[in-house]
Every structure is written in C-alpha cells, then in structure tokens.
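Tertiary structure, described
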Amino acid sequence: MEITLYNFIKRRNSTKKPSKGETINVTLKEGCSHYNPSFILNTNPTNYSYLSWGTWYYYITDIVNTRNGVWTISCEIDPLATWKDDIKSTTAFVLYSTSNYNTDLIDPRLSSAKDTIINTSNANLSFIATPQPRYIISYVGTHSNPYVAVTDTQLAKIMSKMSDNAFAELFTDPNNAISKMLTDTGSCITSCIYNPCTIVGAISEIIFAGGYNTGVVGNAVNRDATGSVSITIPWNFSDFRNRSQFTSLLLYLPAYGWLELNADNFQGRSSINIKMTLDSVVGEICYIIENQARCVAQMGVPIQISTVTQGNPLGAIGNVVAGSIAGLMGNYAGAGVSAFNAITSAIGTNVGSVGGSGGNTSYISKKDITLVCISHNTNVDPSSLANNYGRPCNKVVSLSGLSGYVQTTNANVSTWAPKQYKDEIDTLLNGGVYIE
C-alpha cells in the first residue's frame, strides 16, 4: 500500500491540504485504528510531519526507529482536511469572516480608546442671509400696519415724538377722538419687541392716532419666512465606528443651542436636512430636523417703552420634541422607531440642558448652524483583524463561497464522519477555522 509524506506547515484549525509530497510503500501495522493508524516503512520519515492515505489526511504524531532501516510512524486524522468538501458544502450562520463581512456591523470584540476625534461642518441660514436687528412695534394710529420694524435711531425718535407738546395737546381737546381712545401719549404704543433677526418688507409711514405724523418711516414685517438647508455630516470613519456606541452628533441651532442626535439614525447618510420657519414679529424660529426633532427658539425680547408695553417674555428660551414626531409629519410612527432609537450610546456626551445656550444672545454670538461629530476610535484598527480573525458577517451563508478565517455559531456539518469527528468539526467551526 502507498502513502504520501509531506513536509507541510498548516494551522491546527485549517482545512488546507498539502501538495507535492513523496509517495512511498508502507505496511499498515496490525491492530491499529483507521483514524489513528501506524505505518511501517523502510524510508527515514523524520523530515516529514504530515501524510495522506487515499483521501484521508493525517498529522504525524510520533516516529520510532524500530530497528536498523525500519521505521514506525503513528498518525492522527486531520478532520478539517479529510472532510473539507463536506465542510464547504455546509450552510451556517457566520459570525466573522475574512472574505464576507459588513463594516457597518459593530465588532463586540473591540473596545473604545480614550482619545476623542472631533470634526465639524457648518451651514448658513440662507433664507435670512441678511438678517436685520429691529424693534417691532405695534401702535394705535391711522393707516397703520399691525406691526412695523424700526431701528434704534427710529425708535428713539418715536419716543421723542411721544413726549412732544403738539402730540400731548391732542389729548387735552375733548372734541378730539383720540382723547376718548387713549389716556396719554404713552398708550399709543401697544407693544415693542427687540428681534435680532428680522426680515422686513415694504416701507411704512408711522402716523399715530389723531393724525399725528411722527416723521418716522419703518418697514412692514415679514411674519412667516421659510427655508431649508442641508448640512454635511462630518463623519470621522466609514464603518461601524460611526454608530452611537462610538460617535455622538451635536447640532447647534442659532438662537436654540445644542441638540444631541442619535448617530444610528443617520447611518449611510452624508447630510441632514433642516427646515426652518421664522416669525419676525415675535422673534421666534422653528427648526424641523427631518423626522428626528422639532426645536423652537425665542429670540424676541419685550422692551418697555411706556407703562403700557410692560409684560412677561413671550415664551420659553427653547423647547424640543424629540424622536418621531408623527403628528407633525402627518403619519404614525410606532414603537419600531423607538426601538431603534433605544440603542444607548456607550460614549455619553453631555451638552448641558437640551436647548441650552439659546435665546437672544445665542443668536447674536453665532448665526451659523454647526454639526459636531465626536468619536472615539477602537483600541485597534478593525481592518487589522480581517486576515487572522475576520470581521462581523452575522448572516447565514454557504461556506463554499468563503475563504480565510470563518467563525460560525451552532454549526452542524452534514458528513459521513464518525460522531466524535463530526462534533470536533462543529466545535472547530464555532471556535473559528481557516478555509484554505
């Protein structure tokens, strides 16, 4: 009978088969197992570590010089090489693979590094590219607009005109209708709000009640200005490290402040779309960040210019409705969306109160939308694992299409091998093997 000897190097958990060996005649030792055979030969086998006998493959475990010129070699079957075809015909759930993997899947074998990587992008509020700080007043008068925008200088002139003798004398004439409508000159101004971001319209002449011309010309106010902007997501990576366990997204909205976004909701995206509506009369701006959040910020500040115009601020500095805003978007988003959002970031990012740093001074100090991407790298580069340990696959595939490292879970190879070797093959696959 013949065997083929090989000086062959392979990993213990590999399906690799040798080639170009030395074929010699041998005698099978009586009483030995077919799976752990011993062969008697007249050739010195000390330079060899592996052999094949027909379609079976063995590791050489011992070499004994029985007598001069006669050698006995003991062997142990290599189940991965012997039943390689059965292994490759198996379909299994593959956890990690060198040749078939998804870089968007988190690799739980890695941990995060302590150092942070920060990248930012900016976008302009293009629909209010030339915002103007104005005082928005409402007044009692003839030919008046409901609201008129005026500058600092114009407001000072109006206040001066309110104390003008000619205007005050209108209130002393009992036959003048103004004396029946208003109590004094100060009551002709019903409200005044300072808005650092005002979109103005046509010119409007300001004439108080009683036909008193102030000589001040303001502007009508554009109450509902809308626009949208797309801001680039400054991702730090191109794989699973962009997920919320490693990356946080912080969005700065002028007049509102910071808003933390779940990075998982923007995987595969290169930008975030933001819709905006500005009410210049009350100084309120509303942001809608896709279907993730609705943020409202109050920039307008009530200004007291008489005893009549005093009052409380018009609203809170900022508020947010996070998650899926079904009512706003006109559709119902159920628990499925919430379940996806429930993945909690392992890298917590504290931006203070949601909507913090908002309000009038916030808008004045920073007028651009800013998106900050803060990431923590893994302790080793994920790509460095591919050759020796594979990368996450997490799907059912045929092993025939794979090469390199493969690790399965609950493998069950269909083979004619005895149970102990079938179990060994399954165990090796679940621990990780190299298909070579």
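Residues numbered from 1 in each chain as written. Predicted model: local features only at pLDDT ≥ 70, side-chain atom pairs only at ≥ 80, totals over all residues. Heavy atoms only, no water.

The strand order 2-1-5-6-7-4-3 describes an open sheet built from seven strands, whose pairing is antiparallel. For this open sheet the edge positions go to strand 2 (22–25) and strand 3 (27–28), each flanked by a neighbour on one side alone. Bridging between strand 1 (residues 2–6) and strand 5 (residues 50–53) involves three bridges; their strand directions are antiparallel. Residue pairing in the sheet places Leu5 in a bridge with Leu51 of strand 5. (Pairing = 2+ DSSP bridges. Helix = DSSP H or I, 4+ residues; strand = E, 2+ residues; numbered from the N terminus.)

Attention now moves to the pattern of salt bridges. Tallying each qualifying case throughout the model produces 11 salt bridges. Two residues, Glu436 and Arg11, come together in a salt bridge whose shortest N-O distance is 2.8 Å. Separated by 425 residues along the polypeptide, Glu436 in the segment after strand 26 (433–435) and Arg11 in the loop between strand 1 and strand 2 bring together distant segments of the chain. Accessibility expressed as a relative area gives 35% for Arg11, which makes it partly exposed. Arg223 serves as the salt-bridge partner of Asp279, at 3.0 Å between the closest nitrogen and oxygen. With a gap of 56 residues between them, Asp279 in strand 18 (residues 271–279) and Arg223 in the loop between strand 14 (212–221) and strand 15 (225–232) connect regions that are remote in the sequence. Take Asp279: its relative accessible area is 12%, and that puts it in the buried class. A relative accessible area of 35% means that Arg223 is categorised as partly exposed. (Salt bridge = Lys/Arg side-chain N within 4 Å of Asp/Glu carboxyl O. Buried < 20%, exposed > 50% of the residue type's maximum accessible area, 1.4 Å probe, protein only.)

Turning next to the confidence of the model for the protein. In the predicted model, the protein carries a mean pLDDT of 84, and the fraction of residues at 70 or more is 81%. Counting interchain partners and residues more than four positions distant, the pLDDT-below-50 stretch residues 310–348 has 72 contacts. (pLDDT = per-residue confidence, 0-100. Contact = heavy atoms within 4.5 Å.)

Moving on: the side chain of Ser375. Here Ser375 lies in strand 23 (residues 369–378). Overall, the relative accessible area of 0% leaves Ser375 in the buried class. One polar contact links Ser375 to Asn236, side chain to side chain, over a distance of 2.8 Å. For Ser375, the contacting residues outside a window of four places in its chain are Asp115, Thr116, Ile117, Asn236, Phe237, Phe246 and Thr247. (Polar contact = N/O pair within 3.5 Å; in protein donor to acceptor, adjacent residues only side chain to side chain.)

A separate point is the sheet that holds strand 9 (residues 112–123). Hydrogen bonds along the backbone pair up the strands of a sheet, which may run parallel or antiparallel. The sheet built from four strands is open, its strands ordered 9-23-16-17 with antiparallel pairing. Sheet topology places strand 9 and strand 17 (257–261) at the edges, where each strand pairs with a single neighbour. Sheet twist, expressed as the mean angle between neighbouring strand axes with direction ignored, is 20°. The sheet contact formed by strand 16 (residues 247–253) and strand 17 spans five bridges and is antiparallel. In the strand pairing of strand 17, Tyr252 is matched with Trp258. (Axes fitted to C-alpha atoms, helices over the stretch in contact; angles between N-to-C directions.)

Using the criterion set out here, one finds 16 aromatic pairs in the structure. A connected cluster of aromatic rings, assembled from ring pairs, spans Tyr6, Phe8, Tyr50, Tyr57 and Tyr59. Over the ring of Tyr434 we find Arg11, and its NZ or CZ is 3.6 Å from the ring centre. The ring centre of Tyr96 lies 3.8 Å from the NZ or CZ of Arg109, which sits over that ring. (Phe/Tyr/Trp six-rings, centres within 6.5 Å; stacked < 30°, edge-to-face > 60°. Lys NZ or Arg CZ within 6 Å of the ring centre and 35° of its normal.)

The next thing to look at is the side chain of Thr214. Mapped onto the secondary structure, Thr214 falls in strand 14. Among all residues touching Thr214, those that are not within four sequence positions of it are Lys157, Lys161, Ile206 and Phe208.

Another point: unusual backbone geometry. If you check the backbone angles, Asn394 has positive phi at about 55° while not being a glycine. By the secondary structure assignment, Asn394 is in strand 24 (residues 391–398). A residue is classified by how much of its surface remains accessible, and Asn394, at 38% relative accessible area, is partly exposed.

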